[in-house]
Every structure is written in C-alpha cells, then in structure tokens.
Amino acid sequence: MAGNKRFTKGILKQAPWHLADNQVTPESVFNDRRNIVKALGLGALGASLPGQVQAGIFDLFGEQQAKNPFTTQGLQYATPAKFVLPSPKTPEDKITRHNNFYEFGNSKSDPYDNAQGFKVDPWTLTIDGLVDKPITLDLNELTTRFALEERTYRLRCVEAWSMVVPWVGFSLASLLKQAGVQSNATHIAFETLFDPDQMPGQKSRLMGGGIHYPYVEGLTVAEAMNDLSFLAVGLYGKTLPPQNGAPIRLVVPWKYGFKSIKSIVRIRVMDKQPPTSWNQLASSEYGFYANVNPEVDHPRWSQASERSIGEGGLFSAKRIPTQMFNGYADSVADLYKNIDLRKFY
C-alpha cells in the first residue's frame, strides 16, 4: 500500500454520477463491432446489429498468452472520494478479455489473444503543437511525473454494452497545463502507435476493421481540460495490459468508448478540429463529439439502453437505461449548452 493518506476507505461524499448496485447487471448479449464493419461494406451487409453471445471467452487462456505473457506491475495511487463508485465493479478478467482494439483484431477476444507480446519499453509520449513547452515523457515518467489516483468510471460502448472500470492515472488537464496550452488553441488531437509488425490489425484491412491507421481521436480544449478527462496508465491497481491500451490511454467517461484512444504516442494541441478514425470511416454513424445520448440513436440500433457487463451468466442479465452523458451530466453538460447535440452527435 502507498503511504501518506493515499487510500480512501468508503465513500465520504456520494459522487453525482453514483451508480446503484442493482444497476450493474451480469453480462449477456451485446453488439459486436464486427457487424458494423460488415455493414460498412467489408463483409456481408446487414440492416441492423444483432446481439452477439460471447460464450466462454472469459474462461479460456489464449495459447499466445501462455507462451509470451505480458507482465503488469503494481502502482501506488490515491483514491479521491469523489471518484469512488460503489461495488460491484466489472470483474477484472472481463475488462481484460472483452475489448475493442482493432489494431489487434475485430473480435472481442482478439486483443487479449493477439497483444500479449506487445512491447511498450521503450515508449515515448510527445505533447506538442500550440504549447509553450513541448513535453516528451518516457515509460517511467508516465507513472512517476504526476501523482496517480484511482477513478472508477462507467464505460459505455457505442455498441450498447457497458462496464464499470477502476482506472489508475492522472488528469489530462495536469499534463496540458505543464505544457502550456496557447490562447489560440481550440482542439487536442491524439494518435495511437503505428507499428504493423506488432499490431496485426494495422497490416490487414479485414482484421483491422478497414480503419485508416494510425488511429486518431480528438477533443475540444474545453473537454480536455474538464476534470473528468483522464489519462489511464493502469486498471485494478496495476499497469495497463496491452489489450486495454498499454502503456497509456485516454478515458473520457461521458463519451462513447471509441473516443478513449489507446496506446497513445502523441498529443497535439491545434487551432482546428482534428480528424478522428471512426468519423473518417463512417461519418453518418460516428460524429466528432460522440457524447453518450440515449435520445440520439445510432442509425441502425437504439442507444436508449445498454447491457452492463458484470458477474453472472447469460440468463441473469438485465438491460438498464442509458443515462445522458453516461451519468456525468452535472460535470459536463455546460460544455454543450449552446450546441445542438442531435446535429453535432
């Protein structure tokens, strides 16, 4: 354990995005982005996205994992009370074995199966563009330059499934403040590592979902400076495994999961809106903002409810209503008070 009051026991003050225990329901049926890829012309065309039963993937260890395991390391961190959610969290094995990370394949189990040999040392993250002091962080500095904290956030996928994840990391704003964002900046661009030798999805259009790599994402400066915007370097108290975005990823919990870009190598401050990968692939389906909004459906399925992945099996799952901004409206709604969220989805 870390010393100097680095752990908080219990909830001292209920967060505005408090999640009741009975809202975290067992995993059952969820939509698989492979069907989105097919619907975009990379496979059989479908008019809707049916639920997929992912049976058994959480109970099996891939052969590659046994041969070449990726080692995670324990982290020291504080646990601010305002970012504590009550149990139960999504089980760790489900968080680490149920992922969308198309650089390693488009099946939910592909990232776990294909990423275990992923090398993150050496690694550098560069912050540049419209900043006063460009910064380059190496692998060690990602976990030592800023005081780490654990934040338990909801994660809502655009495919209408969700998790509750205990991330470890630091605020994006703290990094941007050190770099010194210039007054004419409007947007922040993010870029994932491009390494086809390590990431088989970057070599294959079919395996990689037809995405133009490297994967890129973006936020407005106001979104990036919001207190909820987070750079995660770990989960469940340990460094990130590769399938979850090692060594550093973005987490913006009020937006759909594809905005939370993984394995980041560059953060660039800009004076214009940057391109984003899923918007480039299908602009009619994936907008720049991608805020969780139960009132704005995906063109091929409803966003009004979701399947929350937790303990249990197929027949015990319950569907829960999706909350505006994924339950974080009190903290982020003001960012969009003059924006039509149906037009700017």
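Before reading on, note that the structure itself is shown above.
### Quick word on the side chain of glutamine 202
Next, step 1: Relative to the elements of secondary structure, glutamine 202 occurs in the loop between strand S7 (187-192) and strand S8 (216-220).
Next, step 2: Using a relative accessible area of 10% as the deciding quantity, one classes glutamine 202 as buried.
Next, step 3: Side-chain polar atoms of glutamine 202 contact the backbone oxygen of leucine 193, separated by 3.0 Å.
Next, step 4: Within the structure, glutamine 202 has its side chain in polar contact with the backbone nitrogen of aspartate 195 (distance 2.7 Å).
Next, step 5: Among residues more than four places away in sequence, those in contact with glutamine 202 are Glu103, Leu193, Phe194, Asp195, Pro196 and Tyr213.

### A short note on the packing of aromatic side chains
Next, step 1: If you walk through the whole model with that rule in mind, you get 14 aromatic pairs.
Next, step 2: On the numbers, 6.1 Å between centres and 75 degrees between planes, the contact of phenylalanine 118 with tryptophan 123 is edge-to-face.
Next, step 3: Classification of phenylalanine 118 as buried rests on a relative accessible area of 4%.
Next, step 4: Pairing tyrosine 153 with phenylalanine 230 gives two aromatic rings, centres 6.1 Å apart and planes at 75 degrees, and the pair type is edge-to-face. In this pair, tyrosine 153 sits in strand S5 (residues 149-156) while phenylalanine 230 sits in strand S9 (residues 230-235), placing the two residues 77 residues apart along the sequence.
Next, step 5: Residue classification places phenylalanine 230 among the buried residues on the basis of a relative accessible area of 0%.
Next, step 6: Over the face of the ring belonging to phenylalanine 83 we find arginine 151, whose NZ or CZ atom lies 3.9 Å from the ring centre.

### Structural notes on the sheet that holds S8
Next, step 1: The strand order S4-S3-S12-S7-S8 describes an open sheet built from 5 strands, whose pairing is mixed. Both outer strands of the open sheet, strand S4 (135-138) and S8, are each paired with one neighbouring strand and no more. Looking at each pair of strands side by side, their axes are set apart by 15 degrees on average, direction ignored.
Next, step 2: Two elements, S7 and strand S12 (residues 264-270), share 6 bridges in a ladder whose sense is antiparallel. Within S12, the position partnered with alanine 189 by the bridge is arginine 268.

### Quick word on the pattern of salt bridges
Next, step 1: Going through the model one piece at a time under the given rule, you end up with 11 salt bridges.
Next, step 2: The shortest N-O distance in the salt bridge between glutamate 306 and arginine 156 comes to 3.1 Å. Highlighted residues: glutamate 306 in strand S13 (residues 305-308) and arginine 156 in strand S5, separated in sequence by 150 residues.
Next, step 3: Classification of glutamate 306 as buried rests on a relative accessible area of 4%.
Next, step 4: Note that lysine 203 and aspartate 197 form a salt bridge whose closest N and O atoms lie 3.6 Å from each other. Both residues of the pair, lysine 203 and aspartate 197, belong to the exposed class.

### Some thoughts on helix H6 (residues 172-179)
Next, step 1: Listed in full, the buried residues belonging to H6 are Leu172, Ala173, Leu175, Leu176 and Ala179. Considered in projection along H6, the buried side chains sweep an arc of 160 degrees and stay on one side of the axis.
Next, step 2: Phi for glycine 180, located one or two positions after H6, is positive at around 80 degrees.

### Concerning the nonpolar core
The nonpolar side chains of a soluble globular protein tend to be buried, and buried together.
Next, step 1: Leu175 and Ile267 are the most contacted members of the largest nonpolar core, which has 79 residues in total.
Next, step 2: For this core, the element with the most residues is strand S6 (residues 161-171), which contributes 6 residues.
Next, step 3: The residues touching leucine 175, leaving out its near neighbours within four places in the chain, are Leu125, Ile127, Ile135, Leu137, Phe146, Phe170, Leu231 and Ile267.

### A short note on unusual backbone geometry
Next, step 1: A cis amide bond links aspartate 121 to the next residue, proline 122, at an omega of 10 degrees.
Next, step 2: Looking at where proline 122 falls in the secondary structure, it is placed in the loop between helix H4 (110-114) and strand S3 (124-129).
Next, step 3: Following alanine 246, the chain continues into proline 247 via a peptide bond in cis, with omega recorded as -5 degrees.
Next, step 4: One non-glycine residue, alanine 290, lies in the positive phi region at around 55 degrees.
Next, step 5: Structurally, alanine 290 is set in the loop between helix H8 (277-281) and S13.

### What to know about the pairing of S12
Next, step 1: In terms of burial, S12 is largely enclosed, as 5 of its 7 residues are buried.
Next, step 2: The sheet contact formed by S3 and S12 spans 4 bridges and is parallel. Residue pairing in the sheet places isoleucine 127 in a bridge with isoleucine 267 of S12.

### Description of the environment of phenylalanine 230
Next, step 1: Phenylalanine 230 sits 22 residues away from valine 252 along the chain, and the two C-alpha atoms are 6.5 Å apart.
Next, step 2: Residues in contact with phenylalanine 230, not counting those within four places in the same chain, are Glu149, Arg151, Tyr153, Trp167, Val168, Gly169, Phe170, Ser171, Leu172, Arg249, Leu250 and Val251.

Conventions and cut-offs
- Residues numbered from 1 in each chain as written.
- Predicted model: local features only at pLDDT ≥ 70, side-chain atom pairs only at ≥ 80, totals over all residues.
- Heavy atoms only, no water.
- Helix = DSSP H or I, 4+ residues; strand = E, 2+ residues; numbered from the N terminus.
- Buried < 20%, exposed > 50% of the residue type's maximum accessible area, 1.4 Å probe, protein only.
- Polar contact = N/O pair within 3.5 Å; in protein donor to acceptor, adjacent residues only side chain to side chain.
- Contact = heavy atoms within 4.5 Å.
- Phe/Tyr/Trp six-rings, centres within 6.5 Å; stacked < 30°, edge-to-face > 60°.
- Lys NZ or Arg CZ within 6 Å of the ring centre and 35° of its normal.
- Pairing = 2+ DSSP bridges.
- Axes fitted to C-alpha atoms, helices over the stretch in contact; angles between N-to-C directions.
- Salt bridge = Lys/Arg side-chain N within 4 Å of Asp/Glu carboxyl O.
- Arc of directions from axis to C-beta.
- Core = buried A, V, L, I, M, F, W, Y, C linked by side-chain atoms within 4.5 Å.

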